[in-house]
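Spelled out, the chains give:
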Amino acid sequence: MTVLARAVEASRRYGDVLALDRVSLDIRAGELVGLLGPNGAGKSTLINLFAGLRRPTSGTVELLGGSPADPVTRRAIGVTPQETGLPESLRVGEIVAFAAAHYPRPADRDELLARFGLDGLVRRQVGGLSGGQRRRLAVALAFAGDPRLVFLDEPTTGLDVEARRALWDGVRAFHEAGGTVLLTSHYLEEIEALAERVVVVGEGRVLADDTVRAIRETVGVRRVSLVADDLPELPGVSGVERSDGRIHLVTPDSDRLVTALVLSGVPFSGLEIRPATLEEAFLAITARRTEPSDETRGAGPSDETKERSHA
Ligand SMILES: Nc1ncnc2c1ncn2[C@@H]1O[C@H](COP(=O)(O)OP(=O)(O)OP(=O)(O)O)[C@@H](O)[C@H]1O
């Protein structure tokens, strides 16, 4: 399948901060890929490299077989950054016409607005739009040039449920017609609603690249929290943290862990079990990637685990 965007060992540094660390990734024609990661993971930086807004410090990035810095190549893509400031006094129709005028084969204005639930607002000034309507307009503009590939950086931030659905419908319609999309989100649920493939990034690195289903299973870990002086070796612990006088264990199998804990006879109290947050799951994925096995390692936190768990 044709590769539309490719990063090979791409790194990006901002002063002392290594925002991307040797990332290799292919986005193929017709894919809808979700880029999932916590704040500061490097998602926007990666989109900026693909869209030609920044250059990698090392490694290479290709867009449609050419350089992302080439304006002709960039005409075949659409981008909605995280923050967009649209002129308040312009009308919706004028803004769409302005964006479309930059492209040889612009999308039909009314069709574009209808696709994002903005029909009937052609003559409305941007200053008179609701927050959700503005965000949808900003996302719609990424599609104004009838692009082959669209990058959406947290497209639904700040949208209510209805506006989010309208936006998802617009993105889906583009994808169903053969379009390719890379979108970022903090939420697996959002990516699950749209994408087939999810790339998990953390601390500038690709931690996982798989189907949504496989990632859901991986991050479907639980957090077992308790008070104890010390713990024996326990099975299936993929992250340990001590805070507020409690021990927190991240595990894919809380039943097995608690059974082993009880059988060990070690005194404990205040047992709580809840689904892990995405951040906790990321820590678990990171730990699993860098350690040989989590099957036999006990819960008595090694210094290394402790350090990472507090990172
Ligand atoms: N222009 C910049 N100058 C300095 N540091 C930057 C710059 N842009 C990003 N960074 C840093 O690079 C790292 C990655 O940032 P990036 O915005 O790519 O992450 P992100 O995953 O998009 O985060 P968020 O979900 O919060 O948008 C962060 O530590 C950030 O502070």
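Residues numbered from 1 in each chain as written. Predicted model: local features only at pLDDT ≥ 70, side-chain atom pairs only at ≥ 80, totals over all residues. Heavy atoms only, no water.

*Asks:* I'd love a proper account of the overall build of the protein chain, names of residues and values included.
*Replies:* Secondary structure summary: the protein chain contains 11 helices and 13 strands in total. Counting every position in the protein chain, which comprises 311 residues, the buried fraction comes to 48%. Carbon and sulfur atoms form 49% of the exposed surface of the protein chain, whose accessible area is close to 14900 Å². (Helix = DSSP H or I, 4+ residues; strand = E, 2+ residues; numbered from the N terminus. Buried < 20%, exposed > 50% of the residue type's maximum accessible area, 1.4 Å probe, protein only. Areas by Shrake-Rupley, 256 points an atom, 1.4 Å probe, with all protein chains shown as cover.)

*Asks:* Can you break down the layout of surface pockets residue by residue, with the values?
*Replies:* Any empty space left between atoms is shown by rolling a water-sized probe over those atoms. If you add up the space inside the largest pocket, you get close to 500 Å³. Elements with a minimum of two residues in the lining of the largest pocket: helix H2 (71–74), strand E5 (77–80) and helix H3 (92–100). In the lining of the largest pocket, the residues fall into 15 nonpolar, two polar and two charged. (1 Å grid on protein atoms, 1.4 Å probe; cavity = no way out; pocket = protein on both sides within 12 Å on 5 of 7 lines; lining within 4 Å. Points joined across faces, edges and corners; volume = space filled by probe spheres on them. Nonpolar A, V, L, I, M, F, W, Y, C, P; charged D, E, K, R; others polar.)

*Asks:* Would you mind going over the pattern of salt bridges in detail, with residue names and values included?
*Replies:* Where charged atoms from two side chains of opposite charge approach closely, those side chains can pair. Overall, the coordinates contain 12 salt bridges when judged by the stated rule. One salt bridge connects Arg197 with Glu31, and the closest N-O pair in it is separated by 2.8 Å. Placement of the pair is Arg197 in strand E8 (residues 197–202) and Glu31 in the loop between strand E2 (17–28) and strand E3 (32–36), with a sequence separation of 166 residues. Taken individually, Arg197 and Glu31 each receive the classification buried, so the pair is uniform in this respect. A single salt-bridge network, built from bridges that share partners, covers Arg28, Glu31, Arg197 and Asp209. (Salt bridge = Lys/Arg side-chain N within 4 Å of Asp/Glu carboxyl O.)

*Asks:* Describe the packing of aromatic side chains, listing the residues and the values that go with them.
*Replies:* Taken as a whole and assessed by the stated rule, the structure comprises three aromatic pairs. Ring centres of Phe116 and Phe143 lie 5.3 Å apart, and the angle between their planes is 40°; this geometry places the pair in the tilted category. Within this pair, whereas Phe116 is found in the loop between helix H4 (109–115) and helix H5 (131–141), its partner Phe143 is found in the loop between H5 and strand E6 (149–153), the two being separated by 27 residues in sequence. Note on accessibility: Phe116 and Phe143 belong to one class, buried. Members of the aromatic cluster, each reached through a chain of ring pairs, are Phe116, Phe143 and Phe174. (Phe/Tyr/Trp six-rings, centres within 6.5 Å; stacked < 30°, edge-to-face > 60°.)

*Asks:* Outline the sheet that holds E6, listing residues and values.
*Replies:* Pairing is mixed in the open sheet, where six strands are placed in the order E5-E6-E7-E3-E8-E9. Every interior strand has two partners, whereas the edge strands, E5 and strand E9 (205–211), have only one. Pairwise comparison of adjacent strand axes, ignoring direction, gives a mean angle of 15° for this sheet. Judged from the four bridges that link them, E5 and E6 form a sheet pairing that is parallel. Directly across from Val79, in E6, lies its bridge partner Phe151. (Pairing = 2+ DSSP bridges. Axes fitted to C-alpha atoms, helices over the stretch in contact; angles between N-to-C directions.)

*Asks:* Tell me about the side chain of His248, and please be specific about residues and values.
*Replies:* Position of His248 among the secondary structure elements: in strand E12 (residues 246–251). A polar atom in the side chain of His248 sits 3.1 Å from the side chain of Ser243. (Polar contact = N/O pair within 3.5 Å; in protein donor to acceptor, adjacent residues only side chain to side chain.)

*Asks:* Give me a nonpolar patch on the surface: which residues, what numbers.
*Replies:* Among the surface-exposed residues, Val262, Phe268, Leu271 and Ile273 lie close enough to one another that they form a single nonpolar patch of about 310 Å² accessible area. If you trace the backbone, Ile273 turns up in strand E13 (residues 269–275). The partly exposed category is assigned to Ile273, whose relative accessible area is 40%. (Patch = residues over 30% accessible without salt bridge, like charges linked within 9 Å, V, L, I, M, F, W, Y side chains within 5 Å.)

*Asks:* If you had to explain the nonpolar core to someone new, which residues and values would you point to?
*Replies:* With 42 residues, the main nonpolar core has Phe116, Leu137, Phe143, Leu152 and Val171 as its most contacted residues. Apart from the residues within four sequence positions on either side, Val171 is in contact with Leu32, Phe116, Leu152, Val181 and Leu194. Ranked by size, the runner-up nonpolar core spans 25 residues in total, among them Leu35, Ala41, Leu46 and Leu149. (Core = buried A, V, L, I, M, F, W, Y, C linked by side-chain atoms within 4.5 Å. Contact = heavy atoms within 4.5 Å.)

*Asks:* Explain the site of the ligand to me, and be specific about the residues and the numbers.
*Replies:* Around the ligand there are 15 residues in total, and Asn39, Lys43, Ser44, Thr45 and His186 lie nearest to it. Between Ser44 and the ligand, the recorded distance is 2.7 Å, taken from a side-chain N or O atom to an oxygen atom. When isolated, the ligand has an accessible area of 630 Å², and the protein chains bury 64% of it. Sorting the residues of the shell around the ligand by element identifies E2 and helix H1 (43–50) as the ones contributing at least two each. No other element matches H1, which puts three residues into the shell around the ligand. (Near = heavy atom within 4 Å.)

*Asks:* Provide a residue-level description of the pairing of E2, including the pertinent values.
*Replies:* Looking at chain direction, strand E1 (residues 3–14) and E2 are connected through eight bridges and run antiparallel. Its bridge partner lying in E2, Ala10 is registered against Val23. Following E1, the chain reverses through two residues before pairing antiparallel with E2; Gly15 in that reversal takes a positive phi of roughly 60°.

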